[in-house]
Amino acid sequence: MQLTDPVKTVKGVGEKSAQLLEKLNIVSVEDLIRHYPRNYDDFELPIKISEAAEGRIVTVEGAVSRVTSMPNRRKKVVTCYVSDPSGALKLVWFNQQYIVKLLKPGYRLIFRGTVKRDNAELAIYQPKNYLKNDYVKLLGSLQPIYDLTKGITSNFISKAVKQALSEISIDDPLPASFRKENDLPKLSDAIKTIHFPKNKQEALHARRRLVFEEFLDFMLALRKLKSKKEEAKNNYVITDFDACDDLIKGLPFKLTGAQVKTFTDIKRDMSSDRLMSRMVEGDVGSGKTVIAMLAVLSVVKAGYQAAVMVPTEVLAKQHYADFEEKLVRYGAKIELLVGSMTAAQKKKAYERIEKHEVDVVIGTHALIQDALNFDNLALAVIDEQHRFGVNQRKALKDKGLHPHILSMSATPIPRSLSLILYGDMDLSVINEMPAERLPIKNAVVDTGYRPTALNFIRKEVLNGHQAYIICPLVEESEDADGENVIDYTDNVRDFFATSAIKQGDGKLVNVEYLHGKMKPAEKNTIMERFAAGEIDVLISTTVIEVGVNVKNATVMMVENSERFGLAQLHQLRGRVGRGAAQSYCIFMKGCEGKDVDERLDILKNNNDGFKVAEEDLRLRGPGDLFGIRQSGELSWKLADIYADAPLLSLASEYANKLTNIS
Ligand code: ADP
Ligand code: MG
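Before going into details, it helps to say that this report is about the structure given with it. Computed from a predicted model, the values in this text were never measured in an experiment.

Moving on: the site of ligand 1. Taken together, 18 residues lie near ligand 1, and Gly285, Lys288, Thr289, Arg437 and Lys551 sit nearest. At 2.7 Å, a side-chain N or O of Thr289 approaches an oxygen atom of ligand 1. Coverage of ligand 1 by the protein amounts to 91% of the 570 Å² it exposes when considered alone. Counting only domains with at least three residues in the shell around ligand 1, you end up with domain 2 (232–430) and domain 3 (441–606).

The terminal C-alpha atoms of helix α12 (residues 313–327) lie 20 Å apart, and with 15 residues this matches the ideal 21 Å at 1.5 Å per residue to within 8%. What α12 keeps buried is the set Glu313, Val314, Leu315, Ala316, His319, Phe323, Lys326 and Leu327. Contacts made by the buried residues of α12 are with α9 (242–250), α11 (289–301), β10 (305–309), β11 (334–337), β12 (360–363) and α18 (520–531).

Core analysis: the biggest nonpolar cluster contains 127 residues, and Phe212, Val296, Leu327 and Leu337 have the highest contact counts within it. If sequence neighbours within four positions are ignored, Leu327 has contacts with Leu247, Met293, Val296, Leu297, Ala332 and Ile334.

Another aspect to go through is the packing of α11 against α12. Across the interface, α11 lies against α12 with an axial gap of 11 Å and an inter-helix angle of 55°. With respect to their mutual orientation, α11 and α12 come out oblique. Both α11 and α12 take part in a crossing whose hand is right-handed. For the pair formed by α11 and α12, the contact residues are Thr289, Ala292, Met293, Val296 and Leu297 on the first element and His319, Asp322, Phe323, Lys326 and Leu327 on the second. Classifying every residue of the contact of α11 with α12 by side-chain character gives six nonpolar, two polar and two charged.

Time to look at the sheet that holds strand β14 (residues 404–409). Pairing is parallel across the open sheet formed by seven strands, whose spatial order is β11-β12-β10-β13-β14-β9-β15. Each edge of the open sheet is held by one strand with a lone partner, namely β11 and β15 (426–430). Pairwise comparison of adjacent strand axes, ignoring direction, gives a mean angle of 15° for this sheet. When strand β9 (residues 277–282) meets β15, the two strands line up parallel, connected through five bridges. Bridge assignment links Val280 to a residue of β15, and that residue is Ser428.

So, about the sheet that holds strand β16 (residues 441–446). Spatial ordering of the open sheet is given by β16-β21-β20-β17-β19-β18, a layout of six strands whose pairing is parallel. Lying at the two open borders of the sheet, with one neighbouring strand each, are β16 and β18 (511–514). Taken pair by pair, the neighbouring strands of this sheet meet at an average axis angle of 20°, ignoring direction. Bridge analysis of strand β17 (residues 466–470) against strand β20 (residues 553–558) gives five bridges, and the strand direction is parallel. Note that in β20 the partner of Ala467 across the bridge is Val555. Relative to the sheet, α18 contacts β17, β18, β19 (537–540) and β20, its axis offset from that of β18 by approximately 140°. Relative to the sheet, helix α19 (residues 566–573) contacts β16, β17, β20 and β21 (584–589), its axis offset from that of β20 by approximately 155°.

Rules and cut-offs
Residues numbered from 1 in each chain as written. Chains lettered and ligands numbered in written order. Predicted model: local features only at pLDDT ≥ 70, side-chain atom pairs only at ≥ 80, totals over all residues. Heavy atoms only, no water. Near = heavy atom within 4 Å. Polar contact = N/O pair within 3.5 Å; in protein donor to acceptor, adjacent residues only side chain to side chain. Areas by Shrake-Rupley, 256 points an atom, 1.4 Å probe, with all protein chains shown as cover. Domains from an automatic or database assignment. Helix = DSSP H or I, 4+ residues; strand = E, 2+ residues; numbered from the N terminus. Expected span 1.5 Å × (residues − 1). Buried < 20%, exposed > 50% of the residue type's maximum accessible area, 1.4 Å probe, protein only. Contact = heavy atoms within 4.5 Å. Core = buried A, V, L, I, M, F, W, Y, C linked by side-chain atoms within 4.5 Å. Axes fitted to C-alpha atoms, helices over the stretch in contact; angles between N-to-C directions. Parallel < 35°, antiparallel > 145°, perpendicular 65-115°, else oblique. Left-handed = near helix turned anticlockwise from the far one by under 90°. Nonpolar A, V, L, I, M, F, W, Y, C, P; charged D, E, K, R; others polar. Pairing = 2+ DSSP bridges.

Okay, structure coming up:
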């Protein structure tokens, strides 16, 4: 068996499973064995029922009582209580009538599952049940938990992985001496162990190797991107910035000192005899867009073209509208290029761009299609650059003949890491917020506070403002718990309708939702309506995380905050506090725990992204197996740039060694 063979070559994986696995991006045998666990299930001794806390996975042991079985609106529901001397806990099953037979009152059983709030009491939904003897066998073992899709269980994946690993041989690209020197296990051992560790120590050691590998691949890709010295000659020398000065004068605000300094860096680059390759790092809301706009204008005025690549269509449209508004009076012709356009529309756009009937193109990945050619691309702007892979960045750059590169990122990275990650670029940091901004007021609350929070949101809406509410999930799902956008929207609509009656004001609140599974056109419509103020409260997944700018929004509430990385929460918070009005961020905890409080308190006490990242790292330290995935961050399957910084340095050095030899 080869790593590149299709996954259905693995014994036990049939045609149908292979199709399902494809949804998890598992196509080849290699994809399968590289589908690392998301976490491990750690079978511990049963705890006292009184110690079961919301949001935790717990095992409890006790006697069954008060069994009920009744149909509810949509589902058949079985409930019972399990009690030990410390207390009782409710258990709930949906559409699992057969469980009734097991639940003899007085019978002692072991139950395991996630504790959730069920109105005034705590409950476990769909708990697994065990006889004592069976549970004892599992005690102390680590069972892998995988990202799943409907029809595929963790058990299935773990069997398939075991099977594949038994038939395959994996070469190790690292010399044994280097591995030994740096305490890195063999690749084949690391892959096996990450799936089936005996204990946490073993898992950490395996992880170390796999993190190194991820960083090394990344560093080698970066090396390829790095422009060679002789290529770095500036073919597009720009010296006239009069139009830029005019644009700055016409802005409704004064640029901050940091913005002025950044633009000065850019002007110096573009007028020099070397090509610009600059990274602009600035916290969310620090005003990076206007900097990009100024650079673009200078290029257009000199008779060249510019491209601005952004990660989402929503953001592309927003930038397009923004650029149109400010640049058209300088004669700039602007084109939008996004995936949802029809083939015919795209073809027309390509023609206009190639004939230079268009000066500025703003778009998503659609910008790096082969069919697109420019007349004379002199500047490539990459907004939210950490959202793009190295190859996508290279593809945009290759659209022109060595254009100037301006990358922008809101990911707060300590300078030492920036030097490794962006070593080939010069760095400008916008470390100053516009003066008129009021600091965001933060609160960390539990779900008992939800009605108060919703009433607060309603009050803000009645005062003419708007709000976001973020949920981790799109729809109800069997494998994952947490709030989902669809049901949540229903509930919030009900809540506001009832409030209107209770408060006697009869005022309606317009609630809509947005999530990643919607069609781009639908998403755009919702976002446009929200930006236009037609929607008061937007319930959304993290699709709105990136760059969206609605100044009138003053409240951000995040459900199940414990599920998100701090950097990501900070990005979400950046969606409010973008105008002059006081803004608020409410972090709702879906579970209790000292660690949850400690993490969220970091956000509560710091509005500065660099501080948040620093504190987050201090708190987690090394030894965190999977951490919380920073979706969209410089993201790897396992590696975490903050916690794994020493491995990043090691990989960087090793990459240097490799590339110098070859
Ligand atoms: P980001 O750095 O997150 O991309 P944006 O460029 O979207 O931030 O800017 C956020 C908001 O702040 C925008 O509405 C923008 O017009 C405004 N803004 C930018 N610079 C300033 C400034 N110097 N003073 C006041 N508002 C500003
Ligand atoms: Mg931005």
